[in-house]
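Geometric and topological summary
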Amino acid sequence: MAVKDCGGHKGCECERHRLYRKLCAALLALILLVLFVVLIVWLVLRPHKPRFYLQDLSVLCLNVTPPASSYLFTTMQATVAARNTNDKVGVYYEEVDVYAQYKDVAITVPTRLPVGYQGHGDQSVWSPYLQSMDSVQLPPQLAVALAQDETAGYVLVDVRVDGWVRWKVGTWISGHYHLRVSCPALLTVNEGKGSYGANTGGGTGYFRFQQAAACAVDV
């Protein structure tokens with residue numbers, strides 16, 4: 001059997017290699033231990049997604065006049081509630097925007113919500129204004145579809161919430177997780193009678209939000 005020669009300079013190299021192997025093994029063991037602890041904490045706490053509800057959507061103006069123009073002029077105020085359903089996990093909301101969509105196309109510019117923290121079981125309510133800001137131009141066919149829906153008496157829009165959340169357990173705070181929320185809002189036009197072809201954008205009570213609705217939440 002061959003005997004490995006570790007004398008002289010080779011002996012120093014062997015000792016150095018043994019030290020490197022021990023350091024690598026110790027570092028790997030530490031990483032595995034930390035991952036195991038994080039996994040156990042995660043399984044015990046099991047953070048749940050916050051629940052979102054669209055409580056109201058007041059439409060002050062919604063006006064598009066195809067074929068003369070496909071520019072949309074709208075001002076809305078959405079009332080959105082969010083509840084942290086976790087007993088031991090807090091939620092930080094950061095860089096969260098709210099905007100409205102019609103048939104998957106944005107009809108308002110994003111409105112930024114203030115940075116906030118929800119403790120265990122807490123609820124937050126926001127009432128941002130959503131506006132087109134004279135800068136939203138719909139594709140011609142979509143402008144026609146919106147005008148037709150208003151004429152028919154019913155318009156379905158989505159209030160979207162998009163941003164980032166972080167979980168807080170004790171003094172530990174997680175990294176960022178992408179929050180996506182979709183809240184359907186069915187609006188009646190002129191009590192369901194529609195505009196009869198006169199797409200004026202309505203007035204007080206012209207658009208009415210039907211009922212509070214739960215939102216789809218993805219984190």
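The text that follows walks through the structure, step by step, so that each part is easy to find. Throughout, a residue's number is its position along its own chain's written sequence, starting from 1. In view of the model being predicted, local features appear only for residues whose pLDDT reaches at least 70, and side-chain atom pairs are presented and counted only at 80 or more, with totals across whole chains, interfaces and linings using the full set of residues. Think of the side-chain values as coming from all heavy atoms in the structure, minus any hydrogens and water.

Here we look at the overall build of the protein chain
Helix numbers and strand numbers start at the N terminus; a helix is a DSSP run of H or I with at least 4 residues, a strand a run of E with at least 2. The secondary structure content of the protein chain amounts to 2 helices and 15 strands. Throughout, exposure labels follow a simple rule: accessible area from a 1.4 Å probe, protein chains only, divided by the maximum for the residue type, with under 20% read as buried, over 50% as exposed, and the rest as partly exposed. The proportion of buried residues among the 219 residues of the protein chain is 37%. We call two residues in contact whenever any of their non-hydrogen atoms come within 4.5 Å of each other. Taking contacts inside the protein chain between residues at least 6 apart in sequence as the whole, the part at least 24 apart equals 72%. Each accessible area is a Shrake-Rupley estimate made with a 1.4 Å probe; only the visible protein chains count as cover when residues are assessed. Within the structure as shown, the protein chain displays about 12,900 Å² of accessible surface, and the carbon and sulfur contribution to it stands at 58%.

Topic: unusual backbone geometry
Peptide bonds are trans in most cases, and residues, glycine excluded, mostly fall at negative phi. One non-glycine residue, E95, lies in the positive phi region at around 50°. Structurally, the position occupied by E95 is in strand β3 (residues 90–102). One non-glycine residue, D104, adopts positive backbone phi at about 70°. For D104, the position within the fold is in the loop between β3 and β4 (105–106).

A few points about the side chain of D158
Secondary-structure assignment places D158 in strand β10 (residues 154–169). In this structure, D158 is in contact with Y99, A100, Q101, S182, C183 and P184, ignoring residues within four places of it in sequence.

Structural notes on the environment of Y53
When you line up the elements, Y53 lands in strand β1 (residues 51–63). Residue classification places Y53 among the partly exposed residues on the basis of a relative accessible area of 34%. Taking the C-alpha atoms as reference, Y53 lies 5.5 Å from C215; in sequence the two are 162 residues apart. Y53 has contacts with T79, V80, A81, A213, A214 and C215, leaving out every residue within four places of it along the chain.

Here's the deal with the packing of aromatic side chains
Centres within 6.5 Å are what make two rings of Phe, Tyr or Trp a pair, Trp counting through its six-membered ring; a difference in plane orientation under 30 degrees is then read as stacked, over 60 as edge-to-face, and the rest as tilted. For the structure shown, the criterion picks out 6 aromatic pairs. When the centroid spacing of 6.4 Å and the interplanar angle of 50° are considered together, the rings of W167 and Y177 count as tilted. Taken together, the residues W167 in strand β10 and Y177 in strand β12 (residues 177–189) connect sequence positions 10 residues apart. With relative accessibility at 33%, the residue Y177 sits in the partly exposed group. One aromatic cluster in this structure is built from F52, Y93 and W126. Distance and angle both matter: a charge sits over a ring if NZ of Lys or CZ of Arg is within 6 Å of the ring centre and within 35 degrees of the ring normal. Its end group placed over the ring of Y92, R166 keeps NZ or CZ at 5.8 Å from the ring centre.

A look at the side chain of Q118
Assignment of secondary structure puts Q118 in strand β6 (residues 116–118). Judged by its relative accessible area of 0%, Q118 falls in the buried class. For the purposes of these results, a polar contact is taken to be a pair of N or O atoms within 3.5 Å, where, inside protein, one atom must be able to donate a hydrogen and its partner to accept one; residues adjacent in sequence count only when each atom of the pair is a side-chain atom. A distance of 2.8 Å separates a polar atom in the side chain of Q118 from the backbone oxygen of A82. Separated by 2.8 Å, the side chains of Q118 and Y93 make a polar contact. Ignoring anything within four residues of it in the chain, the contact list for Q118 reads A82, R83, N84, G90, V91, Y93, Q123 and S124.

A short note on the state of the cysteines
Disulfides are defined as pairs of cysteine sulfur atoms found within 2.5 Å of each other. This structure, assessed with the given rule, holds 1 disulfide. What pairs with C183 in a disulfide is C215, and their sulfur atoms sit 2.0 Å apart. The sign of the 105° torsion about the S-S bond sets the C183-C215 disulfide as right-handed. Of this pair, C183 sits in strand β12 while C215 is found in the loop between β14 (213–214) and β15 (216–218), placing the two residues 32 residues apart along the sequence.

A look at the pattern of salt bridges
The term salt bridge refers to a side-chain nitrogen of Lys or Arg lying within 4 Å of a carboxyl oxygen of Asp or Glu. Under the defined criterion, the tally for this structure stands at 5 salt bridges. Between D158 and R160 there is a salt bridge; the shortest N-O distance is 3.9 Å. Overall, the relative accessible area of 21% leaves R160 in the partly exposed class. Salt bridges sharing common partners tie together D104, D158 and R160.

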